[in-house]
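Letter by letter, the chains look like this.
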Amino acid sequence: MDPLDLLRLLLEPVRLAVVGDLAAAPRSSAELAARHGLPPTAVLRTLAPLVQDGLVSVEHGTYHLDIAAWRDVAQQLPRSSPASPRVAFGMTARESQVLGRFFRGDRLSELPAQRHKRLVVLERLALEFEPGRRYREAEVNALLRRFHDDHATLRRALVDEGYLDRAAGEYWRSGGRVV
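Residues numbered from 1 in each chain as written. Predicted model: local features only at pLDDT ≥ 70, side-chain atom pairs only at ≥ 80, totals over all residues. Heavy atoms only, no water.

Looking at the overall build of the chain
For the record, the criterion: By definition, any uninterrupted DSSP run of H or I lasting at least four residues is a helix, any uninterrupted run of E lasting at least two residues is a strand, and each is numbered from the N terminus. Here the globule rule is a power law, 2.2 Å times the number of residues to the power 0.38, and the radius of gyration is based on C-alpha atoms. Whether a residue is buried, partly exposed or exposed follows from its accessible area with a 1.4 Å probe, protein chains only, as a fraction of its type maximum: under 20%, in between, or over 50%, in that order. When checking whether two residues touch, look at their non-hydrogen atoms; a contact exists if any pair is within 4.5 Å. We get accessible surface area from the Shrake-Rupley algorithm with a probe of 1.4 Å; when it comes to residues, only the shown protein chains can shield them. Just so you know, the count uses Lys and Arg for positive and Asp and Glu for negative, and it drops His and the chain ends. To locate a charge, take NZ of a lysine, CZ of an arginine, CG of an aspartate or CD of a glutamate.
Along its length, the chain carries nine helices and eight strands. What you see for the chain is a C-alpha radius of gyration of 25 Å, clearly larger than the 16 Å of a compact globule of 179 residues, by over 25%. Overall, the C-alpha framework of the chain stretches about 75 × 35 × 25 Å when taken along its three principal axes. A buried classification covers 38% of the 179 residues belonging to the chain. By sequence separation, contacts in the chain at least 24 residues apart represent 50% of the contacts at least 6 residues apart. Of the roughly 10200 Å² that the chain leaves accessible, carbon and sulfur atoms contribute 54%. Taken together, the 26 basic and 23 acidic charged side chains of the chain have centroids lying 5 Å from each other.

Details of the sheet that holds strand 3 (residues 62-65)
Selection rule: Pairs of strands are assigned from DSSP output, requiring at least two bridges between the strands.
Pairing is antiparallel in the open sheet, where three strands are placed in the order 1-3-2. Edge strands, defined here as strands with exactly one partner in the open sheet, are strand 1 (27-28) and strand 2 (56-59). Bridge count for strand 1 against strand 3 is two bridges, and the pairing is antiparallel. Opposite Ser28, over in strand 3, you have Thr62 as the bridge partner.

Focus on the packing of helix 3 (residues 29-36) against helix 4 (residues 40-52)
To be explicit about the condition: Helix axes are fitted only over the stretch in contact, all axes being lines through C-alpha atoms; the angle between N-to-C directions runs from 0 to 180 degrees. To sort the angles, those under 35 degrees are grouped as roughly parallel, those over 145 as roughly antiparallel, those from 65 to 115 as roughly perpendicular, and the leftovers as oblique. Residue type decides the class: Asp, Glu, Lys and Arg count as charged, Ala, Val, Leu, Ile, Met, Phe, Trp, Tyr, Cys and Pro as nonpolar, and the leftover types, Gly among them, as polar.
Where helix 3 contacts helix 4, the two axes come as close as 8 Å, and the packing angle between them is 105°. If you check the angle between helix 3 and helix 4, you find them roughly perpendicular. Contact residues: helix 3 offers Ser29, Leu32 and Ala33, while helix 4 offers Pro40, Val43, Leu44 and Leu47. For the contact of helix 3 with helix 4, the per-class residue count stands at six nonpolar, one polar and no charged.

Description of the nonpolar core
Formally: Side-chain atoms within 4.5 Å link the members of a nonpolar core, which is a set of buried Ala, Val, Leu, Ile, Met, Phe, Trp, Tyr and Cys residues.
With 26 residues, the main nonpolar core has Phe103, Leu125, Phe129 and Leu158 as its most contacted residues. When residues of this core are traced back to their parent elements, those giving at least two are helix 6 (93-102), helix 7 (115-126), helix 8 (137-145) and helix 9 (151-160). In terms of residues, this core owes the most to one element, helix 7, which gives five residues. Not counting residues up to four positions away in its chain, the partners in contact with Leu158 are Leu122, Leu125, Ala126, Phe129, Leu144, Tyr163 and Leu164. Counting 20 residues, the second-largest nonpolar core is a separate cluster that includes Leu32, Ala33, Leu50 and Leu65.

Notes on the sheet that holds strand 6 (residues 134-136)
Spatially, the three strands line up as an open sheet ordered 6-8-7, and their pairing is antiparallel. A single partner strand is all that each edge strand has here, and the edge strands are strand 6 and strand 7 (164-167). Between one strand and the next, the sheet's axes are offset by a mean angle of 30°, whatever the strand orientation. Relative to strand 8 (residues 170-173), strand 7 is paired through four bridges, and the arrangement is antiparallel. Of the residues in strand 8, the one forming a bridge with Ala167 is Glu170. Along the sheet, helix 8 makes contact with strand 6, strand 7 and strand 8, crossing strand 6 at roughly 85°.

Encoded structure:
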């Protein structure tokens, strides 16, 4: 089954509730009907497309999810784009692997929780700032917004970890490597 077709099927609240119930435990159509206040024929109609596509199977009158079939559908989902090669410029192979986990294209998907990974991301972001140049806060925000909408968190992290310094409304690069 196509993942979008499955999503469309699951947008029906009754079907989603019945599938959720089957995810918890295999059940008969009578059990499902009683648990959801449906006539047994409605349960059969609800499950029919999923049975037809092999996502739900019936053995001895008991319905259960075919987990392998659901995984097959999940494998058909599009993958998010990998990190842009530009993101890894100037970084080591190990650092590039870390960046690959947190960047999609040129955008930062999230700031890592683990400090050693966060430092790799911040090191990369620091490369965007020219050593010796002073930046107004608006310039820093615009530059960081290219990577993530929460520019304030990125700016604060860069300052807190010593990659940027600030005074009198200006920021400058104070740490990190130079490429």
